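# Notes for the structure review
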Amino acid sequence: MDFATALAQRVSDVQHSLEEATEGRYPAPRIIAVTKTHPLEKILPLASLGLWDIGENRVQEIRDKQPALPPSFRVHMIGRLQTNKVKYIMKKVCLIQSVDRMELAEMIHRQACLQETVMPVLVQVSPAGEAQKGGIAPEALEGFLRALSGMSGLHVRGLMAVMPHTDDTDLLDTLFFQMRCRFEQMRDLAINGIDMEELSMGMSEDYRLAARHGATMVRVGSALFGPREYPM
Ligand SMILES: *Cc1c(COP(=O)(O)O)cnc(C)c1O
């Protein structure tokens with residue numbers, strides 16, 4: 001089987017699993033195909049499958065790949081972002097999913113104002129309050145969102161989370177559920193200028209659980225493309 005055929009099969013499998021997993025309680029989440037480390041020829045076949053959203057986690061890789069992509073592809077920045085590199089991706093990505101500190105939010109706001117644009121972002125939340133995973137601690141989230149609501153250069157569209165690596169399905173189930181609750185709580189605050197439309201959670205290992213708990217986006221890499229082409 002050639003790569004494009006295998007990819008079509010995997011996409012279809014993931015889509016079916018997502019629909020099943022929501023048990024009719026939520027719309028099936030959108031797939032963000034995580035293409036980091038994979039070359040252009042593996043990304044292009046996504047177009048004929050209707051998958052236009054791709055996730056990348058390195059600024060240099062975005063700068064290399066984005067100019068060669070057909071314009072209908074939308075690049076999502078999903079990795080830790082250094083403030084001094086923000087300026088390079090402002091016009092190249094549709095959404096920065098990994099806003100995890102005030103310094104970064106301020107830099108995005110500043111660059112957006114300079115470039116006369118508004119950058120859509122998600123706020124990355126640390127699901128279990130583990131500092132090393134990156135993300136705003138749950139108890140600090142409301143204050144962080146209120147601070148960002150005053151920044152005209154960025155537009156908060158929702159929340160993102162990276163779950164811990166674990167086989168403990170009960171723990172993951174709890175963490176996804178808590179994220180969904182938090183997302184709804186923040187939505188219900190109706191903070192001026194802050195939208196809560198997107199909840200980005202779930203990866204190759206756990207996208208079914210994420211869908212079950214109302215993710216609106218899942219970020220799926222290896223389940224579509226196989227192992228990464230080089231270690232990250
Ligand atoms: C790499 C990555 C993913 C996708 O991981 P897979 O396990 O390959 O699906 C999702 N989210 C983030 C933030 C990543 O860095």
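Look above for the structure.
Report on the accompanying structure. Nothing here was measured: the structure is a model prediction, and the numbers come from that model.

### Observations regarding the packing of aromatic side chains
Evaluation of the coordinates by the stated rule reveals two aromatic pairs. Ring centres 6.4 Å apart and planes at 20° place the aromatic pair F3 and F225 in the stacked group. Placement of the pair is F3 in helix α1 (residues 3-21) and F225 in helix α9 (residues 222-225), with a sequence separation of 222 residues. Geometrically, the ring pair formed by W52 and F73 is edge-to-face, given 5.4 Å between the ring centres and 65° between the ring planes. In this pair, W52 sits in the loop between α2 (40-43) and β2 (53-56) while F73 sits in the loop between α3 (59-65) and β3 (74-77), placing the two residues 21 residues apart along the sequence. For the cation-ring pair, R63 lies above Y88, with the distance from its terminal atom to the ring centre recorded as 3.9 Å.

### A few points about the site of the ligand
Surveying the vicinity of the ligand reveals the residues V34, K36, I78, V162, M203, S204, R219, V220, G221, S222 and R228. With respect to the ligand, the backbone of G221 contributes an N or O atom lying 2.8 Å from an oxygen atom. In the model, an oxygen atom of the ligand is placed 2.8 Å from a nitrogen or oxygen of the R228 side chain. Contact with the protein chains removes 90% of the 390 Å² of surface that the ligand exposes when unbound. The residue inventory of the shell around the ligand, partitioned by class, reads five nonpolar, three polar and three charged.

### Describing the pattern of salt bridges
If you walk through the whole model with that rule in mind, you get 14 salt bridges. One salt bridge in this structure joins R101 and D100, with 2.7 Å as the shortest N-O distance. Like D100, R101 is buried. R212 is the partner of D173 in a salt bridge, and the nearest nitrogen-oxygen pair spans 3.5 Å. With D173 in helix α7 (residues 169-189) and R212 in helix α8 (residues 207-212), this residue pair connects regions lying 39 residues apart in the sequence. Take D173: its relative accessible area is 22%, and that puts it in the partly exposed class. A relative accessible area of 29% means that R212 is categorised as partly exposed. When salt bridges with common partners are traced through the structure, they connect R30, D53, R74, R157, E197 and E198 into a single cluster.

### Here we look at the nonpolar core
Formed by 64 residues in total, the largest nonpolar core has its most connected members in I96, I108 and L148. Top element by residues in this core is α7. It accounts for six residues. Setting aside residues no more than four positions away along its own chain, I108 makes contact with V86, M90, I96, V99, M119, V121, G153 and L154. Core analysis: the second largest hydrophobic core is formed by six residues, I32, L95, L122 and V162 among them.

### As for a negative patch on the surface
A contiguous patch of negative charge, built from D167, D168, D170 and E205, is present on the exposed surface. Along the chain, D167 falls in the loop between β6 (154-161) and α7. What makes D167 exposed here is its relative accessible area of 77%.

### Let's talk about the environment of T35
With respect to the helices and strands, the residue T35 is situated in the loop between β1 (30-34) and α2. For T35 and E56, which are 21 residues apart along the polypeptide, the C-alpha to C-alpha distance reads 6.1 Å. Residues within four places of T35 in sequence aside, it is in contact with I43, L46, I54, G55, E56, E61, K65 and F225.

### Digging into α1
Given 3.6 residues per turn, any residue in an α-helix points the same way as the ones three and four places further on. With 19 residues, α1 extends 27 Å between its outermost C-alpha atoms, agreeing within 8% with the 27 Å of an ideal straight helix rising 1.5 Å per residue. For α1, every residue scored as buried is listed here: A6, L7, V11, V14, S17, L18 and A21. Angular distribution of buried residues about the axis of α1 spans 135°; they occupy a single face of the element. Turned more than 90 degrees away from the buried face of α1 sit H16 and E20, all of them exposed. One or two steps after α1, the chain reaches E23, where phi turns positive at roughly 50°.

Calculation notes
Residues numbered from 1 in each chain as written. Predicted model: local features only at pLDDT ≥ 70, side-chain atom pairs only at ≥ 80, totals over all residues. Heavy atoms only, no water. Phe/Tyr/Trp six-rings, centres within 6.5 Å; stacked < 30°, edge-to-face > 60°. Helix = DSSP H or I, 4+ residues; strand = E, 2+ residues; numbered from the N terminus. Lys NZ or Arg CZ within 6 Å of the ring centre and 35° of its normal. Near = heavy atom within 4 Å. Polar contact = N/O pair within 3.5 Å; in protein donor to acceptor, adjacent residues only side chain to side chain. Areas by Shrake-Rupley, 256 points an atom, 1.4 Å probe, with all protein chains shown as cover. Nonpolar A, V, L, I, M, F, W, Y, C, P; charged D, E, K, R; others polar. Salt bridge = Lys/Arg side-chain N within 4 Å of Asp/Glu carboxyl O. Buried < 20%, exposed > 50% of the residue type's maximum accessible area, 1.4 Å probe, protein only. Core = buried A, V, L, I, M, F, W, Y, C linked by side-chain atoms within 4.5 Å. Contact = heavy atoms within 4.5 Å. Patch = residues over 30% accessible without salt bridge, like charges linked within 9 Å, V, L, I, M, F, W, Y side chains within 5 Å. Lys, Arg positive; Asp, Glu negative; His and termini not counted. Charge placed at Lys NZ, Arg CZ, Asp CG, Glu CD. Expected span 1.5 Å × (residues − 1). Arc of directions from axis to C-beta.

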